[in-house]
Amino acid sequence: MELTIIQKIAIWAIPVIFAITIHEVAHGWVASWFGDHTARLLGRLTLNPLKHIDPLGTILVPGLMLMVSNFVFGWAKPVPVDPRNLRNPRRDLALVSVAGPLTNLLMAFGWALITKLSLHLSQSDIGFAKPLMLMGTAGVMINIVLAVLNLIPLPPLDGGKVLMSLLPRRTAYYLSMLEPYSFFILILLLITGVLSAIMGPFVIFLLVFINNLFGLDLFHSLMLLT
């Protein structure tokens, strides 16, 4: 049976909010560990999603994408990080940046466990087993997509910040000049299908890996979410 838009929103809302909220908090936690307490002082080291929600990236864009496609992503308000406060700015900024995508990957495994649990509950004919299974599948998918997307080496994405930390300073400076145009570059890549071509192999690899590791049927579940 095809899901209504209300059902889709109900299934995707919690995974999306948690994925982007904890992603940002992870940046703040690691930055604080390495000496930059900016996020802590601003009250951003909290799992309260209201502190991180961006009306455009957290609500409007994911909602519109659910209505017009089966591909969902979003973003929260970036957690502020001041590299000047870090003990080793270039090295520590790379670690702060990679913390977000790594956290998304960990959350993907967590949602896979929830999906596995839902399969056991379904054997007992528990009514919420199927919605829980779909929500777990959505959680796996959104976290994999966010991890792969953010590792694209384009500032201000996390992959771009990691690359800038590794490149010689002059080359990193030239790369940073792309930052004001990165949103438009991503939209262009999305419209032309280049973004899907870049991300697709990595997303599929991680989906297959998690699917086989936990003995799930994620691809069938994703079809039910369409």
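On a predicted model such as this, the values are computed, not experimentally measured, just so you know.

Participant: Any chance you could explain the overall build of the chain here in plain terms?
Facilitator: Each helix and strand counted, the chain has 10 helices and zero strands in total. Along the chain direction, N to C, the helices and strands of the chain fall in the order α-α-α-α-α-α-α-α-α-α. Once the C-alpha set of the chain is aligned to its principal axes, its extents read approximately 60 × 40 × 35 Å. Expressed as a percentage of the 226 residues in the chain, the buried residues total 45%. Across the chain, every contact between residues at least 6 apart in sequence was considered, and the portion connecting residues at least 24 apart equals 70%. When the accessible surface of the chain is split by element, carbon and sulfur atoms take 72% of a total near 12,100 Å².

Participant: Please clarify how the pattern of salt bridges should be interpreted in this entry.
Facilitator: Using the criterion set out here, one finds two salt bridges in the structure. Put simply, D82 and R84 hold a salt bridge, and the shortest N to O gap is 2.9 Å. For D82, a relative accessible area of 17% gives the class buried. D92 is the partner of R91 in a salt bridge, and the nearest nitrogen-oxygen pair spans 2.7 Å. The partly exposed category is assigned to R91, whose relative accessible area is 44%.

Participant: What is the right way to read the packing of helix α1 (residues 5–33) against helix α3 (residues 55–68) from this model?
Facilitator: Packed helix pairs are specified by the crossing angle of their axes together with the interaxial distance, meaning the distance between the axes. Interaxial distance between α1 and α3 falls to 10 Å at its minimum, and their mutual angle equals 140°. Regarding the angle of α1 to α3, the classification is oblique. Where α1 crosses over α3, the handedness of that crossing is right-handed. Seen from α1, the contacting residues are I5, K8, I9, W12, V16, I17 and I20; seen from α3, they are T58, P62, L66 and M67. When the residues that make up the contact of α1 with α3 are grouped by side-chain class, the tally is nine nonpolar, one polar and one charged.

Participant: It is not clear to me how the packing of aromatic side chains should be interpreted in this structure. Could you clarify?
Facilitator: All chains considered together, the criterion is met by five aromatic pairs. Ring geometry for W75 against F183: centres 6.2 Å apart, planes inclined by 75°, an arrangement best described as edge-to-face. With a gap of 108 residues between them, W75 in the loop between α3 and α4 (89–122) and F183 in helix α8 (residues 182–192) connect regions that are remote in the sequence. Both rings, one in F109 and one in F214, keep their centres 6.1 Å apart while their planes meet at 55°; by these two values the pair is tilted.

Participant: What exactly am I supposed to notice about the environment of L41 here?
Facilitator: Mapped onto the fold, L41 is located in helix α2 (residues 38–41). The exposure class of L41 is exposed, given its relative accessible area of 73%. Along the backbone, L41 and K130 are 89 residues apart, and their C-alpha atoms lie at a distance of 41 Å.

Participant: How should I be thinking about helix α5 (residues 129–150) in this particular structure?
Facilitator: For an α-helix the count is 3.6 residues per turn, leaving residues at separations of three or four pointing the same way. For α5, which comprises 22 residues, the first-to-last C-alpha distance of 31 Å matches the rise-based estimate of 32 Å (1.5 Å per residue) to within 8%. Taking burial as the measure, the 22 residues of α5 include 20 buried ones, the bulk of the element.

Participant: What is the right way to read the side chain of D158 from this model?
Facilitator: Looking at the secondary structure, you find D158 in helix α6 (residues 158–166). Although D158 is buried, it makes no salt bridge; K161 carries the closest opposite charge, 4.8 Å away. A polar contact of 3.3 Å, which involves the side chain of D158, links it to the side chain of H27. Among residues more than four places away in sequence, those in contact with D158 are H23, H27, S97, P101 and N150.

Rules behind the numbers
- Residues numbered from 1 in each chain as written.
- Predicted model: local features only at pLDDT ≥ 70, side-chain atom pairs only at ≥ 80, totals over all residues.
- Heavy atoms only, no water.
- Helix = DSSP H or I, 4+ residues; strand = E, 2+ residues; numbered from the N terminus.
- Buried < 20%, exposed > 50% of the residue type's maximum accessible area, 1.4 Å probe, protein only.
- Contact = heavy atoms within 4.5 Å.
- Areas by Shrake-Rupley, 256 points an atom, 1.4 Å probe, with all protein chains shown as cover.
- Salt bridge = Lys/Arg side-chain N within 4 Å of Asp/Glu carboxyl O.
- Axes fitted to C-alpha atoms, helices over the stretch in contact; angles between N-to-C directions.
- Parallel < 35°, antiparallel > 145°, perpendicular 65-115°, else oblique.
- Left-handed = near helix turned anticlockwise from the far one by under 90°.
- Nonpolar A, V, L, I, M, F, W, Y, C, P; charged D, E, K, R; others polar.
- Phe/Tyr/Trp six-rings, centres within 6.5 Å; stacked < 30°, edge-to-face > 60°.
- Expected span 1.5 Å × (residues − 1).
- Lys, Arg positive; Asp, Glu negative; His and termini not counted.
- Polar contact = N/O pair within 3.5 Å; in protein donor to acceptor, adjacent residues only side chain to side chain.

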